Amino acid sequence: MNLHCDNKAAIAIAHNPVQHDRTKHVEVDRHFIKENLDAKIIQFPFIQSESQLTDTLTKAVSGKAFHDPIFIESKISSTPPTPSGPSVPRFAYLLSGSKGDLERLWRTLRALYHPLNQYIIHLDLESSAAERLELADRLRRDPMYSKVENVHMITKANMVTYRGPTMVANTLHACAMLLRKTKDWDWFINLSASDYPLVTQDDLLYTFSDLPKDLNFIEHTSKLGWKEGGSKSKAIDDGPWGLYKSRKQDQ
């Protein structure tokens, strides 16, 4: 360990095998330092007074000294180095709920929240106006969401049947909103108010940090194999009118 010293007399005294009572050392400290010096645990390299960092704590130092490269202050305004390794990924979430889902939707948002991500919140048209107003008020009053501005609500509620094209239309609507807000996200995740994460967002971001950003988790294939027999056994079509109805029902 190096103890930089700008006093040559003090360095000479420390290396002197003969210690005198007139030197300004407390006796216990004198022996302790001497033993460590002899054991090569500590060393006393000489340093110029103008380069002595500890002077900033014990005496007045001119501003010119802080421009010296040895002072960390001289590096604050310098250009930060380019970060190495993969960049941290970002997720975009659509969190959807319906009538009576306000508290569950809020709980899911709390559990999934991370300031690097983006969020679209939707309570569909079957929920009451009071629920939607309460959700909007909570988002507005939350200090974190207000500061980071990464949680957005679909204020004009859509009717979603969850079994027809209205679900796809609502998902595409959320994606369009997210893309208008920012394109700084890598993967889109669609969840409902009844979902709850089993891992933290920090763990999820770390896990995805080594994956290529163009990787998707949708299987594109026309070779259905054993699935082909059951893939078209039942079709649900709520038609385009399902987007505009005020109640959920199969057509």
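Residues numbered from 1 in each chain as written. Predicted model: local features only at pLDDT ≥ 70, side-chain atom pairs only at ≥ 80, totals over all residues. Heavy atoms only, no water.

> Summarise the pattern of salt bridges; cite the residues concerned and give the values.
Pairs can form between side chains of opposite charge once their charged atoms are near each other. This model, assessed by the stated rule, comprises eight salt bridges. Between D184 and R90 there is a salt bridge whose closest N-O contact spans 3.5 Å. In this pair, D184 sits in the loop between α7 (165-181) and β4 (187-192) while R90 sits in the loop between α3 (55-58) and β1 (91-97), placing the two residues 94 residues apart along the sequence. Judged by its relative accessible area of 22%, R90 is partly exposed. The closest approach of N and O atoms between D137 and R141, which form a salt bridge, is 2.6 Å. With D137 and R141 both in helix α5 (residues 129-141) and four residues apart, the pair spans about one turn of that helix. Beyond isolated ion pairs, a larger network of salt bridges with shared partners links E103, E134 and R138. (Salt bridge = Lys/Arg side-chain N within 4 Å of Asp/Glu carboxyl O. Helix = DSSP H or I, 4+ residues; strand = E, 2+ residues; numbered from the N terminus. Buried < 20%, exposed > 50% of the residue type's maximum accessible area, 1.4 Å probe, protein only.)

> Please provide a residue-by-residue account of the nonpolar core, values included.
Judged by nonpolar contacts, the single largest core of 22 residues is most densely connected at L109, Y119, I121, L135, L139 and V151. Of all the secondary structure elements, the ones that give two or more residues to this core are β1, α4 (102-112), β2 (118-123), α5, β3 (151-153) and α8 (201-208). Top contributing element to this core by residue count: α4, with five residues. Excluding residues that lie within four positions of it along the chain, Y119 makes contacts with Y93, L109, L112, Y113, H114, N150, V151, H152, L178 and Q201. (Core = buried A, V, L, I, M, F, W, Y, C linked by side-chain atoms within 4.5 Å. Contact = heavy atoms within 4.5 Å.)

> Lay out the packing of aromatic side chains in plain terms, naming residues and giving numbers.
As enumerated under the stated definition, the model contains nine aromatic pairs in all. With a centroid separation of 4.9 Å and an interplanar angle of 75 degrees, the aromatic rings of W187 and F208 are classed as edge-to-face. Of this pair, W187 sits in strand β4 while F208 sits in helix α8; the two residues are 21 residues apart in sequence, bridging distant segments of the chain. Exposure class is identical for W187 and F208. Each is buried. In textbook terms, an aromatic cluster arises when at least three aromatic residues are bridged by ring pairs, as seen for F91, Y93, W106, Y113, Y119, Y145, W187 and F208. Geometry around W106 places R138 over its ring, the cationic atom sitting 5.5 Å from the centre. (Phe/Tyr/Trp six-rings, centres within 6.5 Å; stacked < 30°, edge-to-face > 60°. Lys NZ or Arg CZ within 6 Å of the ring centre and 35° of its normal.)

> Tell me about the side chain of H122, and please be specific about residues and values.
Along the chain, H122 falls in strand β2. For H122, the residues in contact, after removing those within four places along its chain, are L94, L95, S96, G97, L105, I154, A157, N158, V160 and N170.

> Kindly report on the sheet that holds β2, identifying the contributing residues and their values.
Across a sheet, strands are paired by hydrogen bonds formed along the backbone, either parallel or antiparallel in direction. Read from one edge to the other, the open sheet built from four strands follows the order β3-β2-β1-β4, with strand pairing classed as parallel. Both outer strands of the open sheet, β3 and β4, are each paired with one neighbouring strand and no more. The sheet shows a mean angle of 20 degrees between the axes of neighbouring strands, direction not considered. Across six bridges, the pairing between β1 and β4 is parallel. The residue of β4 that forms the bridge with A92 is F188. (Pairing = 2+ DSSP bridges. Axes fitted to C-alpha atoms, helices over the stretch in contact; angles between N-to-C directions.)

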